[in-house]
Every structure is written in C-alpha cells, then in structure tokens.
Amino acid sequence: MDKILKVNDLSVSFDTYGGEVKAVRGVTFDLDEKETLAIVGESGSGKSVTAQSIMRLIPMPPGKFASGSIEFNGENVIEKSEKQMEGIRGKEISMIFQDPMTSLNPTMTVGKQIAEGLIKHQNMSKKEAHHRGVELLKLVGIPNPEARIKQYPHEFSGGMRQRAMIAIALACNPKVLIADEPTTALDVTIQAQILDLMRDLQDQTGTSIILITHDLGVVANAAHRVAVMYGGKIVETGNVDEIFYNPKHPYTWGLLGSMPKLDSDSDEELQAIPGSPPDLADPPKGCPFAARCPYAMKVCEDHMPEYTELSKTQKTACWLLDERSPKVEPPESALV
Ligand code: SF4
Ligand code: MG
C-alpha cells in the first residue's frame, strides 16, 4: 500500500522558563492509505504535539522543530509556508479535538461552519455548500439535518457536536483525518458510536486516520495499527493483534494492565502504573520508562535501547529483548 504520510525522526521542543522541553524526541512512523493508526500514551507523552506538528499548529516560538521531516504527499510539511499550510489544513489534512464545544464556534450556526471550508477550499457557492452541509450531517448520522444545519452548537448534545465536528473535518474529503482524543469527553455508549462512525466513514471515503488516545481500550476495534508513546518517544509499535496479544514493552504491559477487562467476574484490581512520566526538560539519557519499570536494569538508565524488529510490523525499544537480558514474561494483568 502507498504511504500517505511519513514522519521521520521528528523532534519538537519548547523553550520554557524551566529550560528546553523536549516534547517529541526522534519519532518515526508512517501511515498507509485507508489505514487507522492509533497513537497511544499518557498525557505528556508527546502524542498531541506530534499530531499538531503534522498540522503545523505548534506555536513557534516557543515551539521549534529540532529535527526530522513530515512528508505528506511526498512533500515536507515542515518546509511549507503558512500560506501553503492554509491550503492543506482542513482540505488535505483535517483534525478533530476532544471537546467540540471549544473547537466549534458558538456564535455561528453549524451549517455556516461546515460551509466555510467548502467555500474556501472547494469554491462552492453558499447554496451548494448548504446542500453539501445537509448531506454531510446526514452522513454522520444527525437526524433531521435540514433543521439541524440552522442550529447553533449549544443546541446539539455532546455526541451530536462531535458528529458535527467530524462532518466539518470531512467536508473537503481530506486524505488524512487526525482525531485527538475524539471520544474522551463522551460517555461509553456514545464513544462506541462515534468510533463506529469514523470506521464506516473511512470505508466510504478512504480517509487515513490518526487516532490519538490515552485509552488503549478504544483502540482494539477502531485501529489497524498502534504506536505506543512514552516520554516523547515511540516505545513500541505493531498491528492491533501484536499490541494486544504479543506486547513486548513493559509500558505496553502497564497500559494493558490498567485497561478494564471484558470478563467482569475477574475481581482483579485495575493496575494503574505507579510513578509519573519523566521531566522532558531534563529527559533521561536511557530508556524513558526506566524510573517506573519493574524490570529496569543498569543498562536501561544509561543507554536508550534500539528498536528490535519482532515482525514486519512490530518494533519494540526495550533492553529485555537483548539476548543477554534475563527472560521476562508479561504479567498476568497484561494478558487480554
Ligand atoms: Fe524497562 Fe529497561 Fe525495557 Fe526500559 S529498557 S522498558 S527500563 S526493561
Ligand atoms: Mg493531548
């Protein structure tokens, strides 16, 4: 399959009073056409910064690209002017956020907000944009779209606002949709509906999706591949089956252990991972997870592990995979 996006050795830093915060440190991944890649990690792991970098939404300064490239359609997004980015954002690459209330404009009808992109990027007339808007609201499953399109965001429920955001994001048939915690603010039933909707729309439109989430639980049915981020780095990547059934990184084990299990008669406590993420103003020189890892060895503190390729699709950066390391099995809590 063709790669629509290639992120290569991306590093993003922020100048702060506390020093230079290295939020993203040498991240490499790619995205196939019609694929959903989930980027999973705790807050502060660098996943949102990675997403915003692709859209060039990082304020610079204080932010800066310290290394790497982001190739979209064969061209480096990092080298684009702001003017060129305006032609890409919302048209070729779109983004939806956790809280549609803050990203929708409360003073504009939903219809106007859908029409904006269509008029700007597709040269549609107001009338054409209105018709397309009704179609889009129908597509995302909003009942009575002719009436709804004239309403304001506050007249929509949380789930419907997120559907409207998706309609806006998909209005111009973007090649890539970036969804940053799109269901985190919603209750579980609505979450599932929105994720199903994104999958259906992907089948229809062929859009590639980057799904950013802290919740490994939403990933299983929603993504094809997973990149697990920690401390500004991707520590493990694999397809969904590999991440759920053959995870090799202790941080992935921790995430799996903190996920509610389906067999609810297991009275096992959910294991939150003890400790907190590293200070990225002074990042550890070795493995970023070393301070919290139950299996950490001396080498982990001093040297960043290389990636071990476990399959064509799975790569893991952990010293446990070095042949000289003791053999460690994942804990019971990480078994799905
Ligand atoms: Fe733990 Fe060491 Fe592996 Fe890091 S490299 S996850 S500290 S065992
Ligand atoms: Mg975030």
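Cut-offs applied
- Residues numbered from 1 in each chain as written.
- Chains lettered and ligands numbered in written order.
- Predicted model: local features only at pLDDT ≥ 70, side-chain atom pairs only at ≥ 80, totals over all residues.
- UniProt positions renumbered as here; feature names shortened; annotations may be inferred.
- Helix = DSSP H or I, 4+ residues; strand = E, 2+ residues; numbered from the N terminus.
- Rg over C-alpha atoms; globule rule 2.2 N^0.38 Å.
- Buried ≥ 20, exposed ≤ 12 C-beta atoms within 10 Å, placed from the backbone.
- Contact = placed C-beta atoms within 7 Å.
- Pairing = 2+ DSSP bridges.
- Axes fitted to C-alpha atoms, helices over the stretch in contact; angles between N-to-C directions.
- Core = buried A, V, L, I, M, F, W, Y, C linked by C-beta atoms within 7 Å.
- Expected span 1.5 Å × (residues − 1).
- Near = placed C-beta within 6 Å.
- Nonpolar A, V, L, I, M, F, W, Y, C, P; charged D, E, K, R; others polar.

Within an unreviewed UniProt entry, the label attached to the chain reads Oligopeptide transport ATP-binding protein OppD, and the organism entered is Virgibacillus oceani. If you open the UniProt record of the chain and go to Sequence similarities (unreviewed entry), you find "Belongs to the ABC transporter superfamily."

(A) Structural context of the overall build of the chain. Of regular secondary structure, the chain possesses 11 helices and 12 strands. The C-alpha radius of gyration computed for the chain amounts to 21 Å, which stays within 12% of the reference 20 Å derived for 336 residues, consistent with globular compactness. Taken along its principal axes, the extent of the C-alpha atoms in the chain is 70 × 50 × 40 Å. Buried residues in the chain amount to 43% of all 336 residues. Long-range contacts, defined here as pairs at least 24 residues apart, represent 65% of the contacts in the chain between residues at least 6 apart.

(B) Structural detail: the sheet that holds strand β12 (residues 315-317). Reading across from one edge, β6-β7-β8-β3-β9-β10-β12-β11 is the order of the eight strands in this open sheet, with mixed pairing throughout. Single-partner strands in this sheet number two, and they are β6 (93-96) and β11 (307-309). Adjacent strand axes in the sheet meet at a mean angle of 20° when their direction is disregarded. Across the sheet, helix α7 (residues 158-170) lies against β6 and β7 (176-180), angled at about 170° from β6, the strand it touches most.

(C) Summary view of the nonpolar core. Ala 38, Val 40, Ala 167, Ile 178, Ile 210 and Val 228 are the most contacted members of the largest nonpolar core, which totals 87 residues. Top contributing element to this core by residue count: α7, with eight residues. Discounting chain neighbours no more than four positions away, the residues touching Val 228 are Val 40, Gly 41, Ile 234, Val 235, Glu 236, Thr 237, His 249, Tyr 251, Thr 252 and Leu 255.

(D) Structural detail: helix α4 (residues 110-122). For α4, built from 13 residues, the straight-helix expectation of 18 Å at 1.5 Å per residue is met to within 8% by its first-to-last C-alpha distance of 18 Å. Taken together, the buried positions of α4 are Val 110, Gly 111, Gln 113, Ile 114, Ala 115, Gly 117 and Leu 118. Packing partners of the buried residues in α4 comprise α5 (126-139), α6 (145-148) and α7. Of the residues trailing α4, Asn 123 is marked for its positive phi of about 55°.

(E) Expanded view of the site of ligand 1. Around ligand 1, the structure places 14 residues, and the nearest of them are Cys 287, Cys 293, Ala 296, Cys 300 and Cys 318. When the residues that make up the shell around ligand 1 are grouped by side-chain class, the tally is 13 nonpolar, one polar and no charged.

(F) Just the UniProt feature "domain: ABC transporter" (unreviewed entry) in the chain, in detail. Residues annotated by UniProt as "domain: ABC transporter" (unreviewed entry) correspond here to residues 5-256. In the segment residues 5-256, helix accounts for 37% and strand for 28%; the C-alpha atoms at its two ends are 28 Å apart.

(G) Expanded view of the sheet that holds strand β5 (residues 75-76). The strand order β2-β1-β4-β5 describes an open sheet built from four strands, whose pairing is antiparallel. Single-partner strands in this sheet number two, and they are β2 (19-32) and β5. The pairing of strand β4 (residues 63-72) with β5 spans two bridges and is antiparallel. Note that in β5 the partner of Glu 71 across the bridge is Asn 76. Contacts from helix α1 (residues 47-54) reach β1 (3-16), β2 and β4 within the one sheet, and its direction differs from that of β2 by about 65°.

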